[in-house]
Amino acid sequence: MPLLLEARNLEKNFPRAGGLVEVLRDCQFTIDEREAVSVTGPSGSGKSTLLNILGGLDSPTGGQVLYQGQPLDLDDHGSMARWRSAGVGFIFQFHYLLPDFTALENLLIPVRGRGQVNSKDRERALNFLEMTGLADRAGHLPGELSGGEQQRVAVARAFMNRPRIVLADEPFGNLDREIGTRLGDMLFALREQEGTALVIVTHDARLAGRADRNLQLENGRLVPMENMSS
Ligand SMILES: Nc1ncnc2c1ncn2[C@@H]1O[C@H](COP(=O)(O)OP(=O)(O)OP(=O)(O)O)[C@@H](O)[C@H]1O
Ligand SMILES: [Mg+2]
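Residues numbered from 1 in each chain as written. Chains lettered and ligands numbered in written order. Predicted model: local features only at pLDDT ≥ 70, side-chain atom pairs only at ≥ 80, totals over all residues. Heavy atoms only, no water.

**Notes on the sheet that holds strand β6 (residues 88-91)**
A sheet is described by the order of its strands in space; here 6 strands give the open sequence β6-β7-β8-β3-β9-β10, paired in mixed fashion. Edge strands, defined here as strands with exactly one partner in the open sheet, are β6 and β10 (221-224). Sheet twist, expressed as the mean angle between neighbouring strand axes with direction ignored, is 20°. Relative to strand β9 (residues 213-218), strand β3 (residues 36-40) runs parallel, the two sharing 4 bridges. (Pairing = 2+ DSSP bridges. Helix = DSSP H or I, 4+ residues; strand = E, 2+ residues; numbered from the N terminus. Axes fitted to C-alpha atoms, helices over the stretch in contact; angles between N-to-C directions.)

Structure follows, in structure tokens:
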């Protein structure tokens, strides 16, 4: 498969009283189209920082991210907005659904960000709700859904704009393990159907075991993870 996204010599420091905290140091990463990669690492090792940089939500202090061979330029607001709206989908630990919008409307938010919502988009959103077992919840507000159901909406929403890559940050970390495993099945089924690359930060070895490659963030660098148990 062709190379989709590449990070070269990433470095990220945050200013902290009296100095800098070095989070990423000379960090390299590549992912091919349709590939799934898991990332694990201790709390505070920089996993969320890395995903934010890969997704263009934050800029590295050094190094660069290349998408299909072209560097992402955070100063170029137009191209970054296009990348964030069409190139990449995000799933966070907490769903961030808009409370006053129904499940269906929440799915259509990324589409709305791009322009008019048409009947095809609506059909696609309804299909996703069907796939995620929420067909009869389309008109429900997030407050009327369980935590697992809310997160299912968030998973489906990440795929709405047909992104080339989905970045998932501990997406099921706050759910019951069994529900998390079922949602993991759903996430991997969706990415298979959509042909989307996936980077998933997870502590769940079973979930990580479904990825094509397992990486660990260690001392600011990504290294292959040995002895993955699944
Ligand atoms: N905006 C910020 N300003 C200052 N320091 C930050 C900022 N964001 C993150 N950090 C620091 O960078 C380090 C990495 O944070 P990050 O959130 O990426 O870790 P993580 O691996 O995702 O941890 P967790 O597993 O707990 O989610 C931490 O030491 C954190 O305190
Ligand atoms: Mg994190």
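**Overview of the site of ligand 1**
Around ligand 1, the surrounding shell consists of Phe14, Arg16, Val23, Pro42, Ser43, Gly44, Ser45, Gly46, Lys47, Ser48 and Thr49. Within the backbone of glycine 44, an N or O atom sits 2.8 Å from an oxygen atom of ligand 1. Within the backbone of glycine 46, one N or O atom sits 2.9 Å away from an oxygen atom of ligand 1. With the chains in place, 58% of the 640 Å² that ligand 1 exposes on its own is no longer accessible. For the shell around ligand 1, the secondary-structure elements that each account for two or more residues are β1 (3-16) and α1 (47-54). By residue number, the principal contributor to the shell around ligand 1 is α1, which donates 3 residues. Here the shell around ligand 1 is composed, by residue class, of 3 nonpolar, 6 polar and 2 charged. (Near = heavy atom within 4 Å. Polar contact = N/O pair within 3.5 Å; in protein donor to acceptor, adjacent residues only side chain to side chain. Areas by Shrake-Rupley, 256 points an atom, 1.4 Å probe, with all protein chains shown as cover. Nonpolar A, V, L, I, M, F, W, Y, C, P; charged D, E, K, R; others polar.)

**Quick notes on the sheet that holds β1**
Taking strand neighbours across the sheet as the criterion, the 4 strands line up as β2-β1-β4-β5 in an open arrangement whose pairing is antiparallel. The sheet is open, and its two borders are formed by β2 (19-32) and β5 (70-71), each paired with just one other strand. Bridge count for β1 against strand β4 (residues 62-67) is 5 bridges, and the pairing is antiparallel. Residue pairing for β4: leucine 5 is matched across the bridge by tyrosine 67. Against the sheet, α1 touches β1, β2 and β4, its axis set at about 125° to β1. (Contact = heavy atoms within 4.5 Å.)

**Section: the environment of valine 111**
With respect to the element layout, valine 111 can be found in helix α3 (residues 103-114). Taking the C-alpha atoms as reference points, valine 111 and alanine 86, separated by 25 residues in sequence, lie 9.1 Å from one another. The contacts of valine 111, once residues within four sequence positions are left out, are Gln116, Val117, Asp121, Met160 and Asn161.

**Side note on the nonpolar core**
Membership of the largest hydrophobic core comes to 35 residues, with the highest contact counts inside it found for Leu107, Val155, Phe159, Leu187 and Leu198. Elements supplying a minimum of two residues to this core: α3, α4 (119-131), α5 (147-159), β7 (165-169), α6 (177-194) and β8 (197-201). No other element matches the 6 residues that α5 contributes to this core. Ignoring any residue separated from it by four or fewer positions in sequence, one finds leucine 198 in contact with Ile31, Glu35, Ala36, Val37, Ile165, Val166, Ala168, Leu187, Phe188 and Arg191. Val23, Cys27, Val88 and Val201 belong to the second largest nonpolar core, which has 30 residues in total. (Core = buried A, V, L, I, M, F, W, Y, C linked by side-chain atoms within 4.5 Å. Buried < 20%, exposed > 50% of the residue type's maximum accessible area, 1.4 Å probe, protein only.)

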